[in-house]
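# Summary of structural features
These are the residues of each chain, in order.
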Amino acid sequence: MRTVLFTLFTCLSLAKVIAQTPVAIPATDTIPPKIITLTENGATKFSAELRPLRPIAGAPAPFYTYFWEFGDGGFSFEENPSHIFKSLDSVKVRLFATNNYDDGKRPPTRPKPIKPAGNKPLMASNTSQPDFFKMGGSTELKSNCMPKPGDEMMLVLGYRNKAENGIQNLNGTLAILYNDKEFSNNNFILEEARTYNQEKKSDINLLVNTAFVSSQKSNQEPVYYASTQPYFHSDKVEKVLLKEKLKDFRNIQAWHFENLKPHEERFVFLQFKTTPEMLKDTNAVVRLSGAFIPDHPLLETEFFTIELQIVASHDPNKMVLRKSRLNYRFTSRNRELTYKVRFQNTGKGPAKKIDVGVSISPVFNPSTLKVIKTKPEVINCDSAYTSQSCLQTLFKADSVHFVFNNIYLPGMQQKGVKDADSTMGFVEYKIRFKEKPEKLPIKSGAAIVFDKNEPIYTNRAVARFKMGLSPGLIIGYGFPLGHQGSGYLDAKNITIGATLSPYASHRYYWQAEAFLSTYQKNTYPAVVENSRKDTVVNNVGYVIVDKQLFKTSKILTVNAVPLQLRYNLNKYVAVGVGTFLTLDLYHKTTNELRYQLRTINAQGTITEINLNRDMEPLNKSFSDIRASVFADVQFGLVRVGPALGFRYIYDPSNRKNNLTTYLAWKF
């Protein structure tokens, strides 16, 4: 019976442990897409089986976006594209699928070798992309997604011969510039660059003395576009500008191309790995720039710079702040911030009205808001006729609403829609401060309503101020508290030094200090003897009636404050606590014996004299390291500017106290 009960108890305990143990979830995130092909009438149709999407609570329905690389220089952003191959040679097809509004990882990409079906090579192919060069230039960049730390990103670098000036078979150099120096860490690693038109690697730095670029920029969206002035303009100015452009980036990869025929389009596929060290601020904007440098001197050199927002998750509806890291020292009420809210209609039908509501921080002046650009491009509703497409800007207590009226924005799942760019839009605006703000993060967010659907909430765009450094001066005067002894805190002192702290911190911050202090001690009695002894001076006998030893100390110390925590109660009062180390650079002690002598002559006259005798001084250098703690309070412009401070210092080893009053000035 006991055995049965024990066995039953063991089974129940084991069952309880198993029930409480988390069930392992299948690692579906590591399964690459299954690529399916079907060839009909010389065209290969592609489709894929992907892992099921996992919805995020409160977010819109998840969906995939696609980028296909066909292995022969052709590509597509469609879900199920068709492609005509240039030849019947085997190629490697890649699918980069991006999971939007999904809580898992992006499906990994695995190249799939395929051999196009058919009996002979096909002369025609559809590697050209009629919608790629939307800005009208000779080169352009397009990515398959926004960069996410630790993930992969594909970038297509396209270039073409626009057949200007009747030039045939164009030769030149193509380059990609990445890892802009605005950030301390590298954001990208170029894992692989795949070329399909015999492009050969070259060194763009060799072209600095021969390629020419101007600083002209157009207002095209979404990038800054730069083109050259003609060759006969100032060579010196053009060369300097190209050199400056190259200095903006840490990494450059270049290729030389040949025989680019009139109206021919070519593409280079750049597979980037975004580093885990990528700036984790999901408001930061990183840049990559493509360069197109023809060998022919009469043709223009062009740069195409794409701006990408760092994201924590893939979401087509985003709010971004350009240059979100601000220098507080140079921030004033006239400083303008540029915000951009992107949106995409992911539904099955077109959107006719879109309401973009944006929260406005109290630090901004709403009357300074200016709409810079929109997509779809519309006029202001104040000047529109009835039923015309227009933008209405409505201000509320703490928000502004940008309302697109009477528009047609196709849906991604709408029948016949193949260009994902046509389903996207944005509103970009600038706004100024009411006054110089406090050094605190400035947060804004957006809610987007398509027609009468539920609002979609974006990320929060956060403006943060760079720490900055604030050097300072400190001059002080200290005096002992309590009985004077031989310690360094037992004398009056003068202090002069320097401080270093973050610039204009709002509340908590750390501060380091280094300064010199000179202590001048008064002469004080050290030994007193009242015993009567005899001595002889100039052959006259005297009695020593008093004998005293006096000491005088001079101390010069160097002090360092490696650890100090300060707190600004407001912009006029601050407190701080910390520790500092003291090292005697110079410590001189002078000993002086003072005698009082008395004698009586034959006539009974009493004579007294005083004699002083200096003893060998004691000198010490670089000795006696001590640690003390302190607390202080400041009054004045404690963030930046002059302030008067009072510091209480305590030496725990000698139990000595000192009070220093000082003037500090932060720059």
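Residues numbered from 1 in each chain as written. Predicted model: local features only at pLDDT ≥ 70, side-chain atom pairs only at ≥ 80, totals over all residues. Heavy atoms only, no water.

Turning next to the overall build of the protein. Scanning the protein from N- to C-terminus turns up two helices and 42 strands. A sequence separation of at least 24 residues applies to 71% of the contacts in the protein between residues at least 6 apart. Of the roughly 35,100 Å² of accessible surface on the protein, a fraction of 55% belongs to carbon and sulfur atoms. (Helix = DSSP H or I, 4+ residues; strand = E, 2+ residues; numbered from the N terminus. Contact = heavy atoms within 4.5 Å. Areas by Shrake-Rupley, 256 points an atom, 1.4 Å probe, with all protein chains shown as cover.)

To continue, consider the state of the cysteines. Scanning the model with the defined rule gives one disulfide in all. Two residues, cysteine 381 and cysteine 390, share a disulfide whose sulfurs are 2.0 Å apart. Where cysteine 381 bonds to cysteine 390 through sulfur, the torsion about that S-S bond is close to 80°, and the disulfide is right-handed. (Disulfide = S-S within 2.5 Å.)

With that settled, the discussion passes to the pattern of salt bridges. In the structure shown here, the tally under the stated rule is 20 salt bridges. The closest approach of N and O atoms between aspartate 151 and arginine 106, which form a salt bridge, is 3.5 Å. Of the two residues, aspartate 151 sits in the loop between strand S8 (139-143) and strand S9 (152-160) while arginine 106 sits in the loop between strand S6 (91-100) and strand S7 (112-114), which places them 45 residues apart along the sequence. Note that glutamate 192 is salt-bridged to arginine 194, the shortest N-O span being 2.9 Å. You can call glutamate 192 partly exposed: its relative accessible area is 34%. Among the charged side chains, a network of salt bridges with common partners joins Lys134, Lys142, Asp419 and Asp421. (Salt bridge = Lys/Arg side-chain N within 4 Å of Asp/Glu carboxyl O. Buried < 20%, exposed > 50% of the residue type's maximum accessible area, 1.4 Å probe, protein only.)

The next thing to look at is the packing of aromatic side chains. Each aromatic ring pair is summarised here by two numbers: the centre-to-centre distance and the angle between the ring planes. Taken as a whole, this structure holds 35 aromatic pairs when the rule is applied. Summarising the aromatic geometry, the rings of phenylalanine 67 and phenylalanine 75 are spaced 5.9 Å apart at their centres and angled 40° between planes, so their arrangement reads as tilted. An identical accessibility class is assigned to phenylalanine 67 and phenylalanine 75; each is buried. Summarising the aromatic geometry, the rings of tyrosine 508 and tyrosine 567 are spaced 4.5 Å apart at their centres and angled 50° between planes, so their arrangement reads as tilted. Linking tyrosine 508 in strand S32 (residues 508-510) with tyrosine 567 in strand S36 (residues 540-568), this pair joins segments that are 59 residues apart in sequence. Of the aromatic side chains, those joined through ring pairs into one cluster are Phe67, Phe75, Phe77, Phe96, Phe132, Phe133, Tyr196, Phe267 and Phe269. Between lysine 340 and the ring centre of phenylalanine 426, over which it is positioned, the NZ or CZ distance is 4.3 Å. Across the ring face of tyrosine 328, the terminal group of lysine 436 is positioned such that the distance to the ring centre comes to 4.5 Å. (Phe/Tyr/Trp six-rings, centres within 6.5 Å; stacked < 30°, edge-to-face > 60°. Lys NZ or Arg CZ within 6 Å of the ring centre and 35° of its normal.)

We now examine the sheet that holds S7. Read across the open sheet, the four strands follow the order S4-S3-S6-S7; overall the sheet is antiparallel. Because the sheet does not close on itself, it has two edges, and the strands there are strand S4 (75-76) and S7. (Pairing = 2+ DSSP bridges.)

Each regular strand shows side chains that alternate between the opposite faces of the sheet. Burial runs high along strand S28 (residues 442-450): seven of the nine residues are buried. In terms of strand pairing, strand S22 (residues 354-359) meets S28 through five bridges, oriented antiparallel. Pairing of aspartate 355 across the sheet is with valine 449, part of S28. Inspection of the sheet shows S28 paired to strand S29 (residues 456-465) by six bridges, in the antiparallel sense. Its bridge partner lying in S29, lysine 443 is registered against valine 462. Hairpin connection between S28 and S29: a loop of five residues separates the two successive antiparallel strands, and aspartate 451 in this loop has a positive phi of roughly 55°.

It is worth spelling out unusual backbone geometry at this point. Following lysine 375, the chain continues into proline 376 via a peptide bond in cis, with omega recorded as 0°. A positive phi angle, close to 60°, is found at asparagine 179, a residue other than glycine. In this structure, asparagine 179 sits in strand S10 (residues 170-180). Looking at asparagine 179, the relative accessible area reads 2%, which means it is buried.

By the secondary structure assignment, leucine 53 is in the loop between strand S2 (43-49) and strand S3 (63-69). Classification of leucine 53 by relative accessible area gives partly exposed; the value is 25%. Separated by 24 residues in sequence, leucine 53 and aspartate 29 place their C-alpha atoms 10.0 Å apart.

A few words on the confidence of the model for the protein. With 84% of its residues at a pLDDT of 70 or more, the protein shows a mean pLDDT of 83. Confidence drops under pLDDT 50 across residues 1-26; counting only partners more than four residues distant or on other chains, this segment forms zero contacts. In this model residues 211-240 is a low-confidence stretch, pLDDT under 50, and it forms 66 contacts with partners more than four residues away in sequence or in other chains. (pLDDT = per-residue confidence, 0-100.)

Enumeration over the complete set of coordinates arrives at four cavities of 30 Å³ or more. The wall of the second largest cavity is formed by Ser138, Arg160, Asn161, Lys162, Ala163, Glu164, Leu170, Phe292, Pro294, Leu299, Glu300 and Glu302. A breakdown of the residues in the lining of the second largest cavity according to their chemical character gives five nonpolar, two polar and five charged. (1 Å grid on protein atoms, 1.4 Å probe; cavity = no way out; pocket = protein on both sides within 12 Å on 5 of 7 lines; lining within 4 Å. Points joined across faces, edges and corners; volume = space filled by probe spheres on them. Nonpolar A, V, L, I, M, F, W, Y, C, P; charged D, E, K, R; others polar.)

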